[in-house]
Every structure is written in structure tokens, then in C-alpha cells.
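Spelled out from the first residue to the last, the chains are:
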Amino acid sequence: MDQKDEIVRAHRSIGTSYGLLGKPSKAIKEFGVALKLCKSLNDPTRIAWLHHDLGVTYRRIGDTEAEQHFHQALNYWRRANNLVGLASTLNSIGVGYHQQGKCTQAVETLQQARDQAHQTGQLRWEAYALASLGDVYRDQSNYAEAQDAYRTAYEIATRISDGFIITFTLTALGELCRLLGEIENANSLLHQAIEQAESHQSGYELGLAMTALGILNCARGNSTTAIDHLTRAIELLERGDAKRDSARAHIHLAHIYLLERKRNLATRHLKITAELATDLREDQFILADGQHLLPVIKYATAKQIGKNFYASVLKKIKARPMASTQASSISTVEPPSPQIEARAFGIAQVCRNGKIVAKSEWDSAIAKELFFFLLAHPQGLRKEQILSTLWADTSPAQANGVFHSTAYRIRRALTPTILIYEDGLYRVNPINTQSDVEQFTRAIDQATRAPSDDQRAQFYRDAIALYQGDYFEDSYSDWCIPIRDELQKQFLNALAALAEYCAQHDQDKAIGFYQQILRRDPYREDIYRALMQFQAKKGDLPGALQTYQQCVQMFQSEMGISPSSQTQRLHEQIRQSIPPDQT
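Below: a short report on this structure. (Residues numbered from 1 in each chain as written. Predicted model: local features only at pLDDT ≥ 70, side-chain atom pairs only at ≥ 80, totals over all residues. Heavy atoms only, no water.)

**Things to note about the pattern of salt bridges**
Here the idea is simple: oppositely charged side chains can pair when their charged atoms come close.
Inference 1: Across all of its chains, the model carries 26 salt bridges by this definition.
Inference 2: Across the pair R138 and D139 runs a salt bridge, and its minimum N-O distance is 3.4 Å.
Inference 3: Owing to a relative accessible area of 17%, R138 belongs among the buried residues under this scheme.
Inference 4: The class of D139 is buried, set by a relative accessible area of 8%.
Inference 5: In this structure, D453 engages R456 in a salt bridge whose closest nitrogen and oxygen atoms are separated by 2.7 Å. Pair noted here: D453 and R456 are both in helix α23 (residues 453–466), with a separation of three residues, about one helical turn. (Salt bridge = Lys/Arg side-chain N within 4 Å of Asp/Glu carboxyl O. Buried < 20%, exposed > 50% of the residue type's maximum accessible area, 1.4 Å probe, protein only. Helix = DSSP H or I, 4+ residues; strand = E, 2+ residues; numbered from the N terminus.)

Laid out in C-alpha cells, this is it:
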């Protein structure tokens with residue numbers, strides 16, 4: 001009995017692996033073998049899961065046998081009184097109702113699934129049900145409800161680290177932004193979805209995100225880019241035999257080709273869409289984008305492509321209500337982000353909503369370093385640049401894996417949207433992110449352009465107040481050194497400029513600024529001379545001579561040389577000006 005149980009587990013695991021690899025036919029075969037063996041074990045829970053697995057897999061390829069397996073699973077869940085399994089299968093049945101255009105039944109069933117999952121504390125299935133509800137609400141033009149459902153699903157997914165739902169909801173929120181006209185926000189979200197999909201190498205998820213990005217680029221008027229994305233999406237989705245999703249990509253590609261007056265190509269993709277939809281026995285994926293696709297559907301109807309298929313779709317689109325005006329009340333659908341404050345001067349720290357992110361939250365020192373490395377390059381960096389800098393001694397495959405796991409730790413420690421992946425570049429999301437280095441360099445720049453000495457001095461004071469230590473003092477990586485040196489140079493120059501300004505108003509402050517420079521950089525002979533002159537001018541001749549001795553000692557002990565003749569002459573002038581009774 002134990003041996004048969006292990007064989008069942010093995011066949012189901014193999015089937016699941018084939019499903020993830022986009023090989024549904026092999027997955028169905030393995031699940032079928034496992035189900036046949038499992039029935040002799042009289043284990044209703046295991047049988048229910050296998051029926052559920054078969055339903056999911058059959059649905060992906062558009063086979064109506066999926067519904068039979070889902071209802072079989074329901075029967076076994078109820079027999080076993082398993083509320084967790086019941087929630088998962090109810091979610092799948094609700095998705096089926098949605099795909100058949102039965103939105104009322106879909107909402108009712110998905111709400112049941114969500115309630116069951118919530119009651120049993122099954123966050124994963126609660127997130128799935130919410131994401132599915134978001135799809136139904138979106139297709140009904142109930143954008144506010146869709147936003148709430150997607151956001152809640154996204155928040156749960158990030159809490160439990162469910163990569164699929166994270167990618168799915170980022171993609172869904174991106175599509176919702178497009179529908180609301182928030183193009184830049186949509187672009188950012190979809191690029192994050194692509195980066196998420198690539199991080200766990202899911203061709204199916206990448207295909208979904210690529211489809212959405214292709215549709216978005218069409219809306220932006222970037223036809224060439226849109227065609228590239230949709231073509232790539234179709235390749236990925238067809239590799240996984242995801243008929244419904246590839247059919248959606250095909251019809252949007254047909255729409256773009258029609259806009260480009262490439263009618264032969266448009267016709268080809270329209271035919272493929274009609275064939276897939278006929279096999280799937282559904283057209284909901286077209287109706288959801290009906291208003292946007294109206295030109296190409298009218299064209300297909302006029303040309304009698306797909307026989308009566310497009311005529312039927314056109315009739316349904318015209319019968320659908322227009323999008324609700326409530327859409328205009330939604331200002332943004334980007335997942336809410338906390339306030340992030342990065343402090344790189346001195347021991348580097350990051351605050352999240354005013355609270356310092358603890359070492360344990362970073363999980364590893366390299367996570368904090370990667371964050372500050374990307375923050376130091378706001379223009380963005382390619383993955384190859386990051387890997388060659390931080391993981392130069394690691395194999396490319398291993399470095400790639402470490403990079404993605406480290407990026408995940410950053411998102412978990414700060415916020416899931418803290419890193420942006422766009423146009424092949426990674427960078428820190430500037431929204432809700434503040435940096436003391438950015439504030440420092442901005443103050444220095446404002447000082448150089450200030451119209452008056454008083455304003456210039458104030459900007460320099462602002463910059464100096466931010467400088468709480470050298471840049472990223474707790475990092476010994478080579479990439480920090482040029483940044484650290486440049487920022488220290490700007491800081492010392494600001495101190496020198498303030499010293500010159502104070503020379504006209506407050507000599508004590510000027511002396512203090514020069515002494516501060518020497519504490520940071522004791523090799524500045526010009527600063528020793530300036531300090532000696534100020535001390536002598538103030539009448540502190542012994543202090544000036546002491547400053548000279550400090551200069552001599554530093555140069556002799558550290559470099560084995562004497563101060564320059566210019567400094568020596570100044571010392572002699574000061575020494576000779578001391579009255580005999582004070583020598």
C-alpha cells in the first residue's frame with residue numbers, strides 16, 4: 001500500500017512538472033495514471049486533487065472535459081469535508097463561468113471560493129479567487145471593484161511569495177491602467193511583471209505579460225514594438241499550448257496589422273483566432289476588448305473570415321453596455337508603496353515609513369548593497385553590468401540566480417515595487433523614494449548656480465548638514481570608491497567655500513570650517529596655509545605656529561617630505577611677527 005502511495009505521488013509530481021514546462025498532453029497522461037491508481041486506495045482527498053489537476057490542464061488546452069473533472073473534484077471534496085480543496089475547485093469553476101460569459105454565476109462562485117479560502121486561512125487560494133474576481137469585474141467595466149480585488153490579491157501574494165499571482169496581478173493592474181488611460185503607470189507595472197516572470201523562468205507568465213505590453217504599445221502608437229511583443233507572446237503561449245491566451249494575442253496582432261494596412265497578415269491571424277475560439281467554444285477573451293478591437297472585427301465580418309464567428313462576436317459587442325463612468329474617479333491603480341528614505345552617508349541605512357530596516361529584514365548584506373548600487377545609478381543598469389560588478393567571481397548561471405534571489409529580498413524588505421525593470425534596465429523606483437545623496441548633490445548644484453553669496457552659502461550649509469560621514473562606510477566594494485571620493489571632494493569644496501564666505505563675517509567659523517577639512521583630509525597643504533593666515537590675522541600667532549607643526553608632522557610621518565617653500569615662508573613670516581616677550 002505504501003509503495004502504491006509513493007507511485008501515485010510520483011506520477012502527480014511528474015504531471016505537475018510537465019504542466020509547468022508547458023507540456024499539457026504529458027501532464028494529462030501522468031495525472032490519469034495517478035488517478036487510476038489512486039482510486040484503489042480509496043483516498044477521496046487525493047482523488048479530488050487529481051480531478052482538479054486534470055480540470056486545470058484540460059482547460060488550458062481548451063478541452064471541455066475540464067468541467068467534468070472540476071465537478072468530480074467538488075463531489076469528492078464534499079465527501080471528504082475538505083474546505084481548502086473546495087475553495088480551489090470553486091475558483092476554477094468560477095473562472096470557467098467567466099470564460100463562458102456567465103459573469104453573474106462567475107462572481108457568485110468566485111465569492112464562495114474566496115470566502116471558503118478566507119475561513120480556512122488559505123491565503124494562496126484566497127489570492128487566486130480575488131485575482132479571478134478582478135478579471136470578471138474588469139470585463140464588466142467595474143474598474144473600482146477590479147482594482148480592489150487585484151490589489152488585495154497582490155498584497156496577499158507578496159506576503160506569501162506566490163510568484164505566479166504576483167506576475168498575474170501586476171499584469172492585470174497594468175491592463176487596468178491602460179483601460180483608464182494611465183499609460184506610463186501601465187508601462188511600469190507591465191515591465192515589473194515581465195521581470196517577475198523572467199525571475200522564475202515562467203514562459204506562460206512571460207507570455208501573458210508580453211501580450212499586455214504589446215496591446216499597450218499599440219495604444220501608444222508603437223506598432224513595430226507592439227508586433228514584436230505579441231509575436232514573442234504567441235511563441236511562448238503556443239509552446240505551452242495555452243490556446244485561449246494565444247488566441248487573444250493573435251487577434252490583437254491582427255488588429256495592429258490591419259491598422260498598418262497589412263491585410264493579408266491581419267486575415268491570417270484572424271483565421272487562427274477563429275479556429276482557436278471555435279475549439280475553445282468561447283469568445284469572452286474577445287468581448288472583453290471588444291470596443292478596442294471593433295475595427296478588426298468589423299473587417300473580419302465584412303470579409304466573412306471564420307464564417308459566422310465574427311458576425312456573432314460583433315453582435316455581442318454591440319449588445320454590451322459601455323464602460324462605466326466611474327473609471328474617471330480612479331486616480332491610480334499602482335500597488336500602494338511606502339515612503340522609502342535611503343541614507344548613504346556614514347553607515348548606510350534605509351527607512352521604511354520612518355522606521356529603519358533592520359539587518360534581519362535585509363536577510364543578507366548583499367541585498368542592501370545591491371539596493372544602494374542601483375540607487376547610485378538612477379539611469380538604470382543592465383543585468384550584465386550588475387553581475388560583472390557584484391558577482392564577477394561567480395559563474396553566469398549562478399550569478400543570475402543569486403541576483404534574482406537578492407532582488408526578491410530587496411522587494412520583501414522594502415516594497416514589491418521598489419525595483420523597476422524597463423527596456424532591459426534595472427533601477428530603483430523613484431516614486432516615494434528619497435536619497436540623502438540626491439539631496440546633497442542637488443544642494444551643491446544649486447549653490448553653484450545661486451545668484452548671491454548669501455544664497456550660495458545657505459545651499460552649501462544644507463549640503464554639509466546632510467554629510468553625516470563618507471559614502472557607504474560599511475561597504476568595502478570597489479564600486480563604492482570613486483563615488484565616495486567624488487562626494488567627499490564635493491563636501492570638502494563646500495566647506496572651503498563656506499570658510500571663504502565666513503572670512504568676511506565670522507573668522508571663528510571660517511577657522512572651524514578649515515579645521516573640519518583637515519580632519520577629513522589632512523594632506524591639504526593649501527588648507528594648512530589658509531588656516532595659519534586666519535589664525536595670524538585673528539592674533540592667534542601661537543595657534544598658527546601649532547598648525548604649521550601639525551603640517552610638518554603629517555608630511556614627515558606619512559610621506560617623508562617637508563612642506564613646500566611657500567608654506568615655510570608663511571611660517572617664517574608669522575614666527576618673526578611674534579614679539580620677543582611672547583616667543
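**Remarks on helix α21 (residues 396–413)**
Inference 1: With 18 residues, α21 should reach 26 Å at 1.5 Å per residue; the first-to-last C-alpha distance of 25 Å fits that figure.
Inference 2: Regarding α21, the residues found buried are A399, F403, H404, T406, A407, I410, R411 and A413. (Expected span 1.5 Å × (residues − 1).)

**Let's talk about the sheet that holds strand β6 (residues 433–435)**
Inference 1: Taken in spatial order, the four strands make up an open sheet running β3-β2-β1-β6, and their pairing is mixed. A strand with exactly one partner marks an edge of an open sheet, and here the two such strands are β3 (355–356) and β6.
Inference 2: Both strand β1 (residues 340–343) and strand β2 (residues 349–352) contribute to a ladder of four bridges, which runs antiparallel. Within β2, the position partnered with A342 by the bridge is V350.
Inference 3: Each of β1 and β6 touches helix α22 (residues 436–448); the most contacted strand, β6, lies at about 60 degrees to it. (Pairing = 2+ DSSP bridges. Contact = heavy atoms within 4.5 Å. Axes fitted to C-alpha atoms, helices over the stretch in contact; angles between N-to-C directions.)

**Some words on the state of the cysteines**
Inference 1: In this structure the tally under the stated criterion is zero disulfides.
Inference 2: The structure places no disulfide on C351, whose sulfur is separated from the nearest cysteine sulfur, that of C480, by 19 Å.
Inference 3: Among the residues examined, C351 registers a relative accessible area of 1% and is labelled buried. (Disulfide = S-S within 2.5 Å.)

**Quick notes on the packing of aromatic side chains**
Inference 1: Going through the model one piece at a time under the given rule, you end up with 22 aromatic pairs.
Inference 2: Their ring planes at 80 degrees and their centres at 4.8 Å tell us that W49 and W77 sit as a pair that is edge-to-face. On the criterion of sequence distance, the pair formed by W49 in helix α3 (residues 44–60) and W77 in helix α4 (residues 65–80) is long-range, its members being 28 residues apart. For the pair shown, W49 and W77 are each scored as buried.
Inference 3: Taking 5.2 Å as the distance between ring centres and 70 degrees as the angle between the ring planes, the aromatic pair formed by F345 and F440 counts as edge-to-face. Highlighted residues: F345 in the loop between β1 and β2 and F440 in helix α22, separated in sequence by 95 residues. Comparing F345 with F440 shows no difference in burial state: the two are buried.
Inference 4: Chaining the aromatic ring pairs together yields one cluster made of W49, W77, W125, Y128, F164, F168 and Y204.
Inference 5: Directly above the ring of W125 sits R124, whose terminal nitrogen or CZ lies 4.9 Å from the centroid. (Phe/Tyr/Trp six-rings, centres within 6.5 Å; stacked < 30°, edge-to-face > 60°. Lys NZ or Arg CZ within 6 Å of the ring centre and 35° of its normal.)

**Some thoughts on the side chain of H52**
Inference 1: The residue H52 is located in helix α3 in this model.
Inference 2: At a separation of 3.0 Å, a polar atom in the side chain of H52 contacts the side chain of T89.
Inference 3: Setting aside anything within four residues of it in sequence, one finds H52 in contact with F70, A73, S88, T89, S92 and W125. (Polar contact = N/O pair within 3.5 Å; in protein donor to acceptor, adjacent residues only side chain to side chain.)

**Some thoughts on the side chain of H69**
Inference 1: Positionally, H69 belongs in helix α4.
Inference 2: Residue classification places H69 among the buried positions, given a relative accessible area of 11%.
Inference 3: A polar side-chain atom of H69 sits 3.0 Å from a polar atom in the side chain of H51.
Inference 4: Ignoring any residue separated from it by four or fewer positions in sequence, one finds H69 in contact with H51, L54, G55 and Y58.

**Side note on the nonpolar core**
Inference 1: If you look at the biggest cluster of nonpolar residues, it comprises 138 residues, and the most contacted ones within it are W362, F371, F372, I386, I410 and L414.
Inference 2: Here the element with the most residues in this core is helix α24 (residues 480–502); it accounts for eleven residues.
Inference 3: Not counting the four nearest positions on each side in its chain, I386 is found in contact with L370, F373, L374, L381, W391, F403 and Y426.
Inference 4: Core analysis: the next-biggest nonpolar cluster, separate from the first, contains 33 residues, I251, A266, Y299 and I317 among them. (Core = buried A, V, L, I, M, F, W, Y, C linked by side-chain atoms within 4.5 Å.)

**What to know about a nonpolar patch on the surface**
Inference 1: Together, Y523, M559 and I561 give the surface a local cluster of nonpolar side chains, amounting to about 280 Å² of exposed area.
Inference 2: Along the polypeptide, Y523 turns up in the loop between α25 (507–520) and α26 (525–538). (Patch = residues over 30% accessible without salt bridge, like charges linked within 9 Å, V, L, I, M, F, W, Y side chains within 5 Å. Areas by Shrake-Rupley, 256 points an atom, 1.4 Å probe, with all protein chains shown as cover.)

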